[in-house]
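Chain by chain, the residues:
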There are 2 protein chains.
Amino acid sequence: MQEQSLRPRSLPRVGIIREMGLRDGLQSIAAVMPTAHKIEWIRAAYEAGQREIEVGSFVPARLLPQLADTAEVLAFAKTLPGLQASVLVPNLKGAERAIAESACLMLVPLSASHAHSLANLRKAPDEVVADIARIRAARDAAGSGTLIEVGISTAFGCTIQGRVEPSEVVRLVKAVLDTGVDRVSLADTVGYADPAMVREMFELTLPIAGDRLNCGHFHDTRGLGLANVYAALELGVSRFDACLGGIGGCPHAPGASGNVATEDLAYMLASMGIATGQDFDALLALRARLAGWLAGETLHGSLWRAGLPKTMKEFA
Amino acid sequence: MQEQSLRPRSLPRVGIIREMGLRDGLQSIAAVMPTAHKIEWIRAAYEAGQREIEVGSFVPARLLPQLADTAEVLAFAKTLPGLQASVLVPNLKGAERAIAESACLMLVPLSASHAHSLANLRKAPDEVVADIARIRAARDAAGSGTLIEVGISTAFGCTIQGRVEPSEVVRLVKAVLDTGVDRVSLADTVGYADPAMVREMFELTLPIAGDRLNCGHFHDTRGLGLANVYAALELGVSRFDACLGGIGGCPHAPGASGNVATEDLAYMLASMGIATGQDFDALLALRARLAGWLAGETLHGSLWRAGLPKTMKEFA
């Protein structure tokens, strides 16, 4: 068993990138992006090949004016065939809106860090697990097809609490799966993960969760975002969150900034022969438009400056 | 055998970072750094824990004025106890100088790309292999203790030629080892490597070279530098080239820029529990001084902005 878990599976043949820029990216940017730009962004991302996009969050508009138009943006996203449009919901109230608006998927954050959970949601992790059970009951009672994914945030450490015990992450993954949600994912909310930690954490949780755990959410705060993705890929994980231009962070995790850049992640996967369905010219053109929409904000990533290698251009 | 090669060995317990900023970094920067700054850099890097530093290159001064003071810089570096001071030598003439000046190690580049080899040295790879045999003979004839390392450049692709066949890299590694040199290393000179390529190339060459191949040289041109390091670490490779502030590139490889940043690499290794002997405060202070010395040049890397995670500060 131990021997087996140390042997890498073959790399996935297909990689799925979930674009988080419209939610995780924009939520840390004060200047509100007009709804029309968000809709253009989603349309262009869809045309570039993206089939999973988190379009916003159902939180009170006064707390996050940037995402106050989530219902409208979601309604547009749902017109695009085959697009899985997801929203973040912090609690039952948000989940009820996601169900009412027929989001394809709702992502419920659950901090593995007790201190982060209190700072972010004013609830201990186990209280959030109880909420998640209520969300699942409400979804089922409504006969809704909205999938529920629980994102275990600060799964690799926390700027407030410091270390987060892997055993606590494992305990919460089990608890969450027991509530009957569809999926669970692991998030390095504050950019503390390294490839060895990623390997360890997925080796601990994959045997418990199986196919219900198939997504990694990594920040590039200290330059390890793509190394962490590779560590997860080796264990068979094939779905990753990313933000175009590497924007993003967490308002309750001081110092955190920069999700893995969508375009760099797409490049790494394509270079490794993992199909993503992304059109690089379209992605980079969209990144340039985003830079214009977010004038004054710092965008990140490397591919936009270096361009594709000659070897990939020849075979594109 | 195949089964065995697919199983990752345990990660190395110690990682060695060879600082390449003074050679690979500076050689693409036109403004000549005063010798006094180079000496300060080496002294501070040594005090920060670095024990392998490439201090310059024995090439004609008219071709590379930036490195014209290599003999003087090397003489200083050799006064620091336990420091392995290396120089790059492009040919026999350079090697004779390295031997005369008693460099600890001379690094001889050999392009796996035929086109790059012609552009860089005006010789085909096999002519360079013949030169390397002459360099080894000259070293032995002189009774010199200068180690010879051959760096296989463009081992993962080339901006001029495009694809470089892994079989050609394997052939050259064998040919080079047959000349009796001490070491061989693999370099992604132009930033084309991805973790799957790194894994494949080291899996092909490690069984041939054994302990004589224990160094990876990665550029971060497209953001994959540290992911590539991790892929090599998993195969037991424990020595990596890097440049403080991620400076560097190759003048004969258009578009290439940015070696892996020393400070980010040191952080990744330390975070994974791999001892490097580096003092982060000293490294980051030196990076700040380097930024001053190179005013106008773009430095790279992430750690300097984000700082160490709370979890590492607590246990530092």
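Refer to the structure above for everything that follows.
Thresholds applied
Residues numbered from 1 in each chain as written. Chains lettered and ligands numbered in written order. Predicted model: local features only at pLDDT ≥ 70, side-chain atom pairs only at ≥ 80, totals over all residues. Heavy atoms only, no water. Helix = DSSP H or I, 4+ residues; strand = E, 2+ residues; numbered from the N terminus. Contact = heavy atoms within 4.5 Å. Salt bridge = Lys/Arg side-chain N within 4 Å of Asp/Glu carboxyl O. Buried < 20%, exposed > 50% of the residue type's maximum accessible area, 1.4 Å probe, protein only. Phe/Tyr/Trp six-rings, centres within 6.5 Å; stacked < 30°, edge-to-face > 60°. Lys NZ or Arg CZ within 6 Å of the ring centre and 35° of its normal. Core = buried A, V, L, I, M, F, W, Y, C linked by side-chain atoms within 4.5 Å. 1 Å grid on protein atoms, 1.4 Å probe; cavity = no way out; pocket = protein on both sides within 12 Å on 5 of 7 lines; lining within 4 Å. Points joined across faces, edges and corners; volume = space filled by probe spheres on them. Nonpolar A, V, L, I, M, F, W, Y, C, P; charged D, E, K, R; others polar. Buried area = accessible area lost by both parts, 1.4 Å probe. Polar contact = N/O pair within 3.5 Å; in protein donor to acceptor, adjacent residues only side chain to side chain. Pairing = 2+ DSSP bridges. Right-handed = clockwise from strand over helix to strand, strands pointing away. Least-squares fit on C-alpha atoms with pLDDT ≥ 70 in both.

A. Structural view of the environment of Phe76(B). Residues and elements named next belong to chain B. Mapping Phe 76 onto the fold places it in helix H4 (residues 70-77). Placed 147 residues apart in sequence, Phe 76 and Gly 223 show a C-alpha to C-alpha distance of 34 Å. When neighbours within four sequence positions are excluded, Phe 76 is seen to be in contact with Ile 39, Ile 42 and Arg 43.

B. Expanded view of the pattern of salt bridges. A complete count under the given rule lists 40 salt bridges over all chains for this structure. Glu52(A) is the salt-bridge partner of Arg239(A), the closest N and O atoms lying 2.7 Å from each other. Residue Arg239(A) is located in strand E8 (residues 239-242), and its partner Glu52(A) is located in strand E2 (residues 52-57); the two are separated by 187 residues in the primary sequence. Accessibility expressed as a relative area gives 10% for Arg239(A), which makes it buried. Glu52(A) sits in the buried class, given a relative accessible area of 7%. Overlapping salt bridges bring together Arg199(A), Glu203(A), Glu234(A), Arg199(B), Glu203(B) and Glu234(B) as one network.

C. A look at unusual backbone geometry. Residue and element names in this part refer to chain B. In the Ramachandran plot, Ser 102 falls in the positive-phi region, its phi being about 55° despite a non-glycine side chain. Take Ser 102: it is sitting in the loop between helix H5 (92-100) and strand E4 (105-111). Overall, Ser 102 belongs to the partly exposed group, its relative accessible area being 37%. Backbone geometry places Thr 154, a non-glycine residue, at a positive phi of 45°.

D. Broad picture of the packing of aromatic side chains. Residues and elements named next belong to chain A. Under the definition given, this model contains 5 aromatic pairs over all chains. Aromatic side chains Phe 156 and Phe 218 sit 6.1 Å apart centroid to centroid with 50° between the ring planes, which places their arrangement in the tilted category. Here Phe 156 is found in the loop between strand E5 (147-153) and helix H8 (166-178), whereas its partner Phe 218 is found in strand E7 (residues 213-218), with 62 residues between them in sequence. Under the relative-accessibility criterion, Phe 156 is labelled buried at 4%. Look at Phe 218 and Phe 240: their rings are 6.5 Å apart centre to centre, the planes differ by 35°, and that puts the pair in the tilted class. With a gap of 22 residues between them, Phe 218 in strand E7 and Phe 240 in strand E8 connect regions that are remote in the sequence. For the pair Phe 218 and Phe 240, one class covers both residues: buried. Among the aromatic residues, ring-to-ring pairing joins Phe 156, Phe 218 and Phe 240 into one connected group. In this structure, Arg 51 is placed above the aromatic ring of Tyr 46, and the distance from its NZ or CZ to the ring centre is 3.9 Å.

E. Local environment of the nonpolar core. Membership of the largest hydrophobic core comes to 190 residues, with the highest contact counts inside it found for Ile152(A) and Ile152(B). When near neighbours in sequence (up to four residues on either side) are disregarded, Ile152(A) contacts Leu110(A), Ala112(A), Val169(A), Leu172(A), Val173(A), Val176(A), Val184(A), Ser185(A), Leu186(A) and Ala187(A).

F. Looking closely at the environment of Ala130(B). Residues and elements named next belong to chain B. Looking at the secondary structure, you find Ala 130 in helix H7 (residues 125-141). With a relative accessible area of 30%, Ala 130 lands in the partly exposed category. Between the C-alpha atoms of Ala 130 and Asp 178, which are 48 residues apart in sequence, the distance is 11 Å.

G. Geometry of the layout of surface pockets. One number sums up the size of the largest pocket: a volume of about 1,100 Å³. Residue lining of the largest pocket: 44 residues in total, with His300(A), Gly301(A), Ser302(A), Gly301(B) and Ser302(B) positioned closest to the centre. Listing elements by their share of the lining of the largest pocket, those giving two or more residues are helix H10 (225-233) and helix H13 (303-306) of chain A together with helix H10 (225-233) and helix H13 (303-306) of chain B. For the lining of the largest pocket, the class distribution of residues is 14 nonpolar, 24 polar and 6 charged.

H. The arrangement of the interface of chain A and chain B in detail. Taken together, the 40 residues of chain A in the interface contact 40 residues of chain B. Around 3,200 Å² of area is buried between chain A and chain B when both sides are counted, 61% of it from carbon and sulfur atoms. Across the contact surface, chain A and chain B share 2 salt bridges. In this structure, Arg199(A) and Glu234(B) form a salt bridge, with 3.2 Å as the shortest nitrogen-oxygen distance. There are 12 residue pairs in polar contact (both at pLDDT 80 or more) connecting chain A and chain B. Listing elements by their share of the side of chain A that touches chain B, those giving two or more residues are helix H1 (2-6), helix H9 (195-209), H10, helix H11 (262-271), H13 and helix H14 (310-315) of chain A. Each residue belonging to the side of chain A that touches chain B can be placed in one class, and the counts come to 21 nonpolar, 9 polar and 10 charged.

I. Expanded view of the pairing of strand E8 (residues 239-242) of chain B. Residue and element names in this part refer to chain B. Side chains of E8 alternate between two faces, with Arg 239 and Asp 241 and Phe 240 and Ala 242 buried alike. Relative to E8, strand E1 (residues 16-19) runs parallel, the two being bridged by 4 bridges. Counted as the bridge partner of Ile 17 is Phe 240 from E8. Sheet topology places strand E7 (residues 213-218) next to E8; 3 bridges connect them, and they run parallel. Residue His 217 lies in a different strand from E8, and its bridge partner there is Asp 241. For the handedness criterion, the β-α-β arrangement of E7, H10 and E8 is classed as right-handed.

J. Just the relation of the copies chain A and chain B, in detail. Superposition of chain A onto chain B requires a rotation of 180° combined with a translation of 0.0 Å along the rotation axis, giving an RMSD of 0.0 Å. Here the symmetry operator amounts to a two-fold rotation axis. By C-alpha distance to the rotation axis, the residue of chain A lying nearest is Ala227(A), at 1.8 Å. A share of 100% of interface residues in chain A that are also interface residues in chain B marks the association as one of identical surfaces.

By themselves, these are just geometric observations and shouldn't be taken as functional.
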